[in-house]
Protein chains: 2
Amino acid sequence: MKRHVTVKTLAEQLNISIATVSKALSDSHEISAETKQRVNDLARMLNYERNPAASNLRSHRTRTIAVIIPEVANNFFSLAIKGIEEIARQHNFHVLIYQTHENSEAEIAFTNSLVSGRVDGILISVTRSTGNLAHFQSLIRQIPVVFFDRSIEIPDAFSITTDDYESAFEATRHLAENGCSRIAFLQGLDQLATGQRRLKGYRDALDQANLVQPQPLVLSGTDDPRQLLQAVAGFIKDKQPDGILSSIEEFVVPCYYACRELNIDMPGQLKLVSFSNLQTAALLKPALSTITQPAFEMGRLAAACLFRILNNKEVDPCELPLLRSELIERESSGISGI
Amino acid sequence: MKRHVTVKTLAEQLNISIATVSKALSDSHEISAETKQRVNDLARMLNYERNPAASNLRSHRTRTIAVIIPEVANNFFSLAIKGIEEIARQHNFHVLIYQTHENSEAEIAFTNSLVSGRVDGILISVTRSTGNLAHFQSLIRQIPVVFFDRSIEIPDAFSITTDDYESAFEATRHLAENGCSRIAFLQGLDQLATGQRRLKGYRDALDQANLVQPQPLVLSGTDDPRQLLQAVAGFIKDKQPDGILSSIEEFVVPCYYACRELNIDMPGQLKLVSFSNLQTAALLKPALSTITQPAFEMGRLAAACLFRILNNKEVDPCELPLLRSELIERESSGISGI
DNA sequence: TTTATTTACGAAAACGTTTAAGTACGAAAC
DNA sequence: GTTTCGTACTTAAACGTTTTCGTAAATAAA
């Protein structure tokens, strides 16, 4: 095991001080071009890599960001991570991943463990049960934070979201126009502003189409994914909707299975539109109508926003763009048959 | 902005030395129960979080692992990450994510940037074009590395893989038994041992069924995902297979579209089985027959293996379990119609 | 010529931990 | 009664950078 090469090694071999080496490596203007050249050459030759711990400790910068999300194994979030990682790469930053599994206590534990200088900034899509605003109030005062998709309502918080209200409104109207009169809403994000916006879009569209039911047709999400099928099947059997707008992708598979189980023809007896980033939406039977969020673009934008903040550029929380989702009408919400 | 709380703060308030504080926080046997109690109480009260950089620098341990994969936005890898993250959580470790996008130079750059003490260990699923064995030879001597799924052939390297040969063999036989005589293989991992094993399973099964063609029916993957549809459609049109075994999930959507485009009835004229972790496989039209790898379990296992190594437990590279994939026969490889 | 200013570098002090080595004290061993 | 030992601490030196401040020489301004 040969000795690890440090700035000291380089300094000794070149007969200069470690300060000069350090400055040369970070391309300081204090150092002559010639010296920089010599240092870089030797560094390359000896495969020198600066020790990140020492560097972080001294400089209070980590070149690392954290991404906190409910689940990695989800089409939306994995696409978002892809976008985030791409931007981080451009800035030569490292990316830490944390999954909350919709557990808001884990979320708090993660953020707490991050404020002590492990990362320079945080990108977060909160748990569906996140309610502790005070925690985030204090968090965003300690470290740069950008929320994406699932944000919470804090003034001055940076968040990148999509046009939840408009797309839910449009999808609901689309169902109404295609003949649905009992349109249900599968809510997965009850407590969140994101979920509330989608719900409001749905409600307003119902209102406008004069389809408001005496009893609301809204199903709240369950925590246990294994119970989802039963919950959805029970809901459909019970409420007999002829149209469904699902606010999260997780409901899609249960909906399809429930229809098979209950012998319901989709889209004949029941039409479905879902927020979803399924690559196979068009290949399903029937092809799924989706509200497709620009997940990749959201990841990129959220990360870009964070880096602007980290680079001390002016960012106005109120002027962040609202990304547009796309309603893609396919068989599941169209006329029967193919 | 109030002063950050460090061991020094705690030491001063308790009138003990910082060494005692540090040892108390790490539950050293040198410290009395009473002192530990006092330290921990104060730490909690002041929201003390140990500075990771200082800790890493001094202790040469980071409590961080890196995961290097081709893509996050892929059902197999996102499930694997989920498993990895779960195990890392149990050990209170942090997880860094790096995407290579199948670029082996990026892979080398990542690993090089990691050996200088940024992480304690690496989990990697290599690029499909990874060929530089020497690089990995030297890497595994510098830092604990565990390969998963896409491994490379280095003696003494730890790798967690599935029964690629057997499952490819079985799937091919399944196609043959269901009447296919011109069975093609869509190769996505040409250079890798993983891909070679799958190819061999396919070939041996063809051989056994006496279905070897004079001209091999093998399509190599392309680098550009946008060209995949054209490549697949061209291949099918050209070679006229009546059965396809696809070695990666990326070929699935192109296959379905190609069939539509070429007006080929699946499974009537062409049957398909693919390595895949699609959640919607059963809902496609026709439902997709898959070889489903235990991605989540692989992630867990690979991570567990890495932690055994990090904890200096004996691990014999040759005795690592071979995980079993599951062949799930559905409509796409079955009899026509539903 | 004298006095600023600029350029290129060095000395040394951080950054916040961990840990090796040392110490004081009481209890047990002889 | 001395010696040994274990317990519960302290001291001080790392770990490998970055950064502040200082300085000598060279150049420009006066």
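This is a predicted model, so every value here is computed, not measured. Here the residue numbering is sequential within each chain, running from 1 through the sequence in written order. Each chain is given a letter, starting from A, and each ligand a number, starting from 1, according to the order in which they appear as written. Local features in this predicted model are restricted to residues of pLDDT 70 or higher, and side-chain atom pairs are both shown and tallied only at a pLDDT of 80 or more, whereas totals for entire chains, interfaces and linings draw on every residue. The side-chain quantities take in all heavy atoms of the structure and omit both hydrogens and water.

Peer 1: Could you give me a rundown of the packing of helix α5 (residues 75-90) of chain B against helix α12 (residues 295-310) of chain B, with the residues and numbers involved?
Peer 2: When two helices pack together, their arrangement is given by the angle between the helix axes and by the axis-to-axis distance. Residues and elements named next belong to chain B. A fitted line through C-alpha atoms represents every axis, and for helices the fit uses only the stretch in contact; the resulting angles, taken between N-to-C directions, go from 0 to 180 degrees. Only DSSP runs of H or I with at least four residues qualify as helices, and only runs of E with at least two residues qualify as strands; both kinds are numbered from the N terminus onward. At a minimum axis distance of 7 Å, the contact between α5 and α12 shows a crossing angle of 40 degrees. Taken together, α5 and α12 sit at an angle that is classed as oblique. In terms of crossing hand, the pair formed by α5 and α12 is right-handed. The segment α5 lies against α12, with F76, L79, A80, K82, G83, I84, E86, I87, A88 and Q90 engaging A295, F296, M298, G299, R300, A303, A304 and F307. By residue class, the composition of the contact of α5 with α12 is 12 nonpolar, 3 polar and 3 charged. Between 65 and 115 degrees an angle is taken as roughly perpendicular, under 35 as roughly parallel, over 145 as roughly antiparallel, and anywhere else as oblique. The hand of a helix crossing depends on one turn: near helix anticlockwise from the far one by less than a right angle means left-handed, and clockwise means right-handed. In what follows, a contact means two residues having at least one pair of non-hydrogen atoms within 4.5 Å. For this scheme, ten residues count as nonpolar: Ala, Val, Leu, Ile, Met, Phe, Trp, Tyr, Cys and Pro. Four count as charged, namely Asp, Glu, Lys and Arg, and the remainder, Gly too, count as polar.

Peer 1: Account for the interface of chain A and chain B, with residues named and values stated.
Peer 2: In this complex, chain A contributes 47 residues to the contact, which on the side of chain B involves 47 residues. Buried area between chain A and chain B, both sides added, is near 4400 Å², and the carbon and sulfur share of it is 60%. Any carboxyl oxygen of Asp or Glu that lies within 4 Å of a side-chain nitrogen of Lys or Arg is treated as forming a salt bridge with it. Where chain A meets chain B, there are 2 salt bridges. A:E71 serves as the salt-bridge partner of B:K82, at 3.5 Å between the closest nitrogen and oxygen. Pairing of N or O atoms within 3.5 Å defines a polar contact, subject to two protein rules: one partner must be a possible hydrogen donor and the other a possible acceptor, and residues neighboring in sequence count only if both atoms are side-chain atoms. On the surface where chain A and chain B come into contact, there are 14 residue pairs in polar contact (both at pLDDT 80 or more). Elements with a contribution of two residues or more to the side of chain A that touches chain B: α4 (52-59), α5 (75-90), β2 (94-99), α6 (104-114) and α11 (252-261) of chain A. Reported buried area values correspond to the accessible surface (1.4 Å probe) lost by two parts on association, with both partners' losses combined.

Peer 1: Outline helix α10 (residues 228-239) of chain A, listing residues and values.
Peer 2: Residues and elements named next belong to chain A. Over its 12 residues, α10 extends 16 Å from the first C-alpha to the last, a length consistent with the 16 Å expected when each residue adds 1.5 Å. Regarding α10, the residues found buried are L228, V232, A233, F235 and I236. Looking down the long axis of α10, one finds its buried residues gathered within 160 degrees of arc, a one-sided arrangement. Along α10, exposed side chains directed more than 90 degrees from the buried face belong to Q230, K237 and D238. Working rule for helices: expected span equals 1.5 Å times residues minus one. Burial status follows relative accessibility: with a 1.4 Å probe on protein chains alone, a residue under 20% of its type maximum counts as buried, one over 50% as exposed, and anything between as partly exposed. The directions considered for the arc are those from the helix axis to the C-beta atoms.

Peer 1: Could you give me a rundown of the relation of the copies chain A and chain B, with the residues and numbers involved?
Peer 2: To superpose the copies, least squares is applied to the C-alpha atoms of every residue with a pLDDT of at least 70 in both. Mapping chain A onto chain B calls for a rotation angle of 180 degrees and an axial translation of 0.0 Å; the resulting RMSD is 0.1 Å. The transformation relating the two chain copies, once decomposed into turn and shift, fits a two-fold axis.

Peer 1: Just give me the short version of the sheet that holds strand β8 (residues 243-246) of chain A, but keep the residues and values in it.
Peer 2: Residue and element names in this part refer to chain A. Only when DSSP finds a minimum of two bridges between them are two strands counted as paired. Taken in spatial order, the 6 strands make up an open sheet running β7-β6-β8-β9-β10-β11, and their pairing is mixed. On the outer flanks of this sheet lie β7 (218-220) and β11 (326-328), each paired with one strand and no other. Within the sheet, the average angular offset between the axes of one strand and its neighbour, ignoring direction, is 15 degrees. Both strand β10 (residues 289-292) and β11 contribute to a ladder of 3 bridges, which runs antiparallel. Paired with I291 across the bridge in β11 is L327. Across the sheet, α10 is in contact with β6 (183-187), β7 and β8; its angle to β7 comes to roughly 160 degrees.

Peer 1: Outline the domain arrangement of chain A, supporting the account with residue identities and numerical values.
Peer 2: Residue and element names in this part refer to chain A. Splitting chain A by domain gives domain 1 (7-50), domain 2 (64-162 + 295-319) and domain 3 (164-294 + 326-333). Centre-to-centre separation of domain 2 and domain 3, based on C-alpha positions: 28 Å. Contacts between domain 2 and domain 3 engage 19 residues on the former and 19 residues on the latter. Note on domain 2 versus domain 3: buried area summed over both sides is about 1500 Å², and carbon and sulfur give 42% of it. Of all residues in domain 2, the largest losses of buried area upon contact with domain 3 belong to N75, R128 and T162, amounting jointly to 44% of the total for that side. Our count for the contact surface shared by domain 2 and domain 3 stands at 1 salt bridge. Here R198 ties to D149 by a salt bridge, and the two come within 3.6 Å at their closest N and O atoms. Inspection of the region where domain 2 meets domain 3 yields 11 residue pairs in polar contact (both at pLDDT 80 or more). Where each domain begins and ends is defined by an automated method or by a domain database.

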